[in-house]
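# Understanding the architecture of this molecule
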Amino acid sequence: MATSPSPATRARHDELARAIRDARYRYYVLSDPPMPDGEFDGLVRELEQLEADHPSLITPSSPSQQVGAPTDSAFPPVEHPLPMLSLDNAFSREELEAWATRVTRDVEDVAFVCELKIDGVAIDLVYRGGVLTTAGTRGDGTVGEDVTAQILTVDDVPYRLDVDDPPALLEVRGEVYYPLDAFEAMNAARIERGEPAFMNPRNAASGALRQKDPRVTATRPLSVWCHGLGALEGIGFDSHHQAFAWLRDAGLPTARETEVHTDLDAVWDFVERWTAARHDVAYEIDGVVVKVDDLAHREQLGFTARAPRWAIAYKMPPVEQATTLRAIEVNVGRTGKATPYAVLEPVLVAGTTITYATLHNEIQVQAKDVRVGDRVMVRRAGDVIPEVVGPILSDRPQGTQPWSMPAECPFCGEPLVRPEGEAHHLCENVDCPNRLRESLAHLASRGALDIEGLGEQTVELLLAEGLVADLADVFRLQDRREQLLALEKWGDKRVDNLIAGIDAGRQRPLDRILVALNIRHLGPTYAKTLVRARPSLQAIRDAGPEELEAIDGIGPVIAAAVHSWFATPRNAELVDELVALGITTDAEVATPTGAQADLLAGWTVVVTGTLEDFSRTEAKEALESRGAKVTGSVSGKTSVVVAGADPGSKLDKAASLDVPVADEAAFHHLLEHGELPDG
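This text gives an overview of the structure that appears in the document.

The rules behind these values
Residues numbered from 1 in each chain as written. Predicted model: local features only at pLDDT ≥ 70, side-chain atom pairs only at ≥ 80, totals over all residues. Heavy atoms only, no water. Patch = residues over 30% accessible without salt bridge, like charges linked within 9 Å, V, L, I, M, F, W, Y side chains within 5 Å. Areas by Shrake-Rupley, 256 points an atom, 1.4 Å probe, with all protein chains shown as cover. Salt bridge = Lys/Arg side-chain N within 4 Å of Asp/Glu carboxyl O. Lys, Arg positive; Asp, Glu negative; His and termini not counted. Charge placed at Lys NZ, Arg CZ, Asp CG, Glu CD. Helix = DSSP H or I, 4+ residues; strand = E, 2+ residues; numbered from the N terminus. Buried < 20%, exposed > 50% of the residue type's maximum accessible area, 1.4 Å probe, protein only. Phe/Tyr/Trp six-rings, centres within 6.5 Å; stacked < 30°, edge-to-face > 60°. Lys NZ or Arg CZ within 6 Å of the ring centre and 35° of its normal. Contact = heavy atoms within 4.5 Å. Core = buried A, V, L, I, M, F, W, Y, C linked by side-chain atoms within 4.5 Å. Right-handed = clockwise from strand over helix to strand, strands pointing away. Pairing = 2+ DSSP bridges.

### A closer look at a negative patch on the surface
A cluster of like negative charges, contributed by Asp162, Asp164, Asp165 and Asp249, occupies part of the molecular surface. Relative to the helices and strands, Asp164 is located in the loop between helix 4 (148–151) and strand 7 (169–177). You can call Asp164 exposed: its relative accessible area is 85%.

### Quick word on the packing of aromatic side chains
Two measures describe an aromatic ring pair: the distance that separates the ring centres and the angle between the ring planes. Scanning the model with the defined rule gives 11 aromatic pairs in all. When the centroid spacing of 6.3 Å and the interplanar angle of 65° are considered together, the rings of Tyr178 and Phe183 count as edge-to-face. Take Phe183: its relative accessible area is 9%, and that puts it in the buried class. Seen from their ring centres, Tyr341 and Tyr356 are 6.0 Å apart, and the 65° between their planes marks the pair as edge-to-face. Taken together, the residues Tyr341 in strand 13 (residues 337–349) and Tyr356 in strand 14 (residues 352–358) connect sequence positions 15 residues apart. Look at Tyr341 and you get partly exposed, because its relative accessible area is 27%. Counting every residue linked through ring pairs, the aromatic cluster contains Tyr177, Trp225 and Tyr283. Just above the ring of Phe75 sits the side chain of Lys212; from NZ or CZ to the centre is 4.8 Å.

### Description of the side chain of Thr217
In this fold, Thr217 is placed in helix 7 (residues 214–218). Overall, Thr217 belongs to the buried group, its relative accessible area being 1%. With residues near it in sequence (within four places) discarded, Thr217 still touches Gln150, Thr153, Ala208, Gln211 and Leu222.

### Description of the nonpolar core
Core analysis: the biggest nonpolar cluster contains 50 residues, and Leu484, Leu514, Leu530, Val562 and Phe566 have the highest contact counts within it. Where this core is concerned, the elements lending two or more residues are helix 12 (433–443), helix 13 (456–464), helix 15 (492–506), helix 16 (510–516), helix 17 (524–533), helix 18 (537–542), helix 20 (556–567) and helix 21 (569–580). The residues contacting Phe566, other than those within four sequence positions of it, are Leu514, Leu517, Ile519, Leu537, Ile540, Arg541, Ala572 and Val575. Ile151, Val154, Leu170 and Met186 belong to the second-largest nonpolar core, a separate cluster that totals 34 residues.

### What to know about the environment of Glu362
Looking at the secondary structure, you find Glu362 in helix 11 (residues 362–368). Looking at Glu362, the relative accessible area reads 12%, which means it is buried. Each C-alpha atom of the pair Glu362 and Trp403 lies 8.1 Å from the other, and the pair is 41 residues apart in sequence.

### Some remarks on the pattern of salt bridges
Side-chain pairing between opposite charges can occur once the charged atoms of the two side chains come close. Taken as a whole, this structure holds 33 salt bridges when the rule is applied. In this structure, Lys291 engages Glu115 in a salt bridge whose closest nitrogen and oxygen atoms are separated by 2.7 Å. Remark: Glu115 occurs in strand 3 (residues 112–118) and Lys291 occurs in strand 10 (residues 285–292); sequence separation between them is 176 residues. Residue Glu115 is classed as buried on the basis of its relative accessible area, which comes to 6%. The shortest N-O distance in the salt bridge between Arg476 and Glu577 comes to 2.7 Å. Within this pair, whereas Arg476 is found in the loop between helix 13 and helix 14 (481–485), its partner Glu577 is found in helix 21, the two being separated by 101 residues in sequence. On the basis of relative accessible area, Arg476 is assigned to the partly exposed category, the value being 24%. On the basis of relative accessibility, which here comes to 18%, the residue Glu577 falls in the buried class. Overlapping salt bridges, with partners in common, bring together Asp431, Asp470, Asp473, Arg476, Arg570 and Glu577 in one network.

### Considerations on the side chain of Thr335
For Thr335, the location among the structural elements is in the loop between strand 12 (320–332) and strand 13. Exposure remark for Thr335: the relative accessible area of 18% places this residue in the buried category. The residues touching Thr335, leaving out its near neighbours within four places in the chain, are Arg435, Asn518, Ile519 and Arg520.

### Remarks on the pairing of strand 19 (residues 604–608)
Within strand 19, five of the five residues are buried, which leaves it mostly tucked inside the rest of the structure. Where the polypeptide runs from strand 19 across helix 22 (residues 616–624) and back to strand 20 (residues 629–631), its parallel neighbour, the crossover connection is right-handed. As judged from the four bridges shared by strand 19 and strand 21 (residues 640–643), these two strands associate in the parallel manner. Paired with Thr608 across the two strands is Ala643, which belongs to strand 21.

None of the figures reported here should be taken as evidence of function without further support.
So, in structure tokens, the structure goes:
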């Protein structure tokens, strides 16, 4: 029998109710969530548990009995033909199974629809006679905000359904979202302009949708997925999957990843599969929604006050958590770029304990206005380096101060400078201890000179013993054999292997020598382009910025960086030393036979995933040797995406742009014949 709640229990219930109402208002109306989703879910679950233990706490005003939040008075109200309810949540297989048991207790032969839960803004689209008449936000579930003019600027949403005999009324529910590529590009542009970045794609979508001027919304590349039905007149369906086949034919966007399964093991497999692959789609997802497919079964199961009994949302572990920013430190990399990073109170995010997170540059720190002592949101999506998303301003302690880049390099004491028009500060001292450490490790890396035996630990040891003081000293180690043998646990074999690796590194092709020099902005692809146009080290050194920029594929930023690097006296001295020590100074100019050299001229190719017969570098070289341009991102100019195993989100982008995708067999055909195979 339930017990009467104690005064402390009532006080906690009131505290939770206030916090949840405030969070919902700030989330739905202000697009400014005060806490991570996982923390909010925890508050809701605690409140629901208190009410389960003490039913007398349940009142119509409890957040457990309400949907959404009050509407924003800045927009006209719009009443939904049928209420837009929330979904109950499951956080484990056991909770999902408990829901399924309740469902199958009341109906037989159940089929389940599984779909990705997009983290966007709920939208209600009402079509009358096949024409969009209103679009409303969720609001309080009964009345939302009228954003019809704003929704009509979204390309995905048809104004008129593509059907011959449109129904009298069709109410469709969906999510407005920001594609991740567009979100990242927009945030980068905002930060460059000194504007605050959006915390996440959901906030950005909400802010774009709530622009009073639809012309502003039109500048934001929003998208929509439809996932549910409301009121219907003049049309009927037997099942969810039948209805959504009709919606797709009518021109409404629906998620391609949706599947129908008849047993819970298959449902759980879908959940596990997409929890592991949640970052492989072009939009943010935070869970999987499982629904009963048969619409008659849904009628039989019915609703609670706030949610349908025939659906549940499995919530994936959050990729954002809140923690305290203890300090902001600065690292200096191999090219001299000074990068601020956050020192955090350790926090578990997506299964990994995070203590450090990138802050990118001073502009981003100031645009996000993160300060030492703040409670901050930390994000780790996929394999991306953890980053601080932004501060939780409502928790900001008094007395915090805005952060700015220190005037001097923390490693060598030389000035940090910010070149005109650039976002990053630089330490220009090539002998800076931290620059040298990272430069040596890069010089020996696989993408540069690939010197076996010269890993990070060996670099640290050689620096500590004073055996190297710059890049040229690496090639003098063969004359320091006795000093190497005197190192602890270094014998003849280890020393011989290192010297052999250094000798092989000295003979690497010229483009890899250039990569090893740590010139800003000059990666492997641009180094190859540079060497093809000017196939000797001296020719590159002698070229002015205008001559370099005139090379097809070399823009003004790279041209300026290359010229500036070689024009710096200390770098010129280093190159002279390297030349005297026998590094490669001229490219081997291969003369392609027949038409192979321009077999793929005019093609722009993206390679993604793991190929069996090619490393990523080998695939690029094979394409470039035939005249193709290889890029890292899919766009409307991409000719084909070559996809190996585990290709990631680039396939979604290719599908959205109708870019052809080639498997490895088709890639071989392309390299041999200069065209994709039929079919």
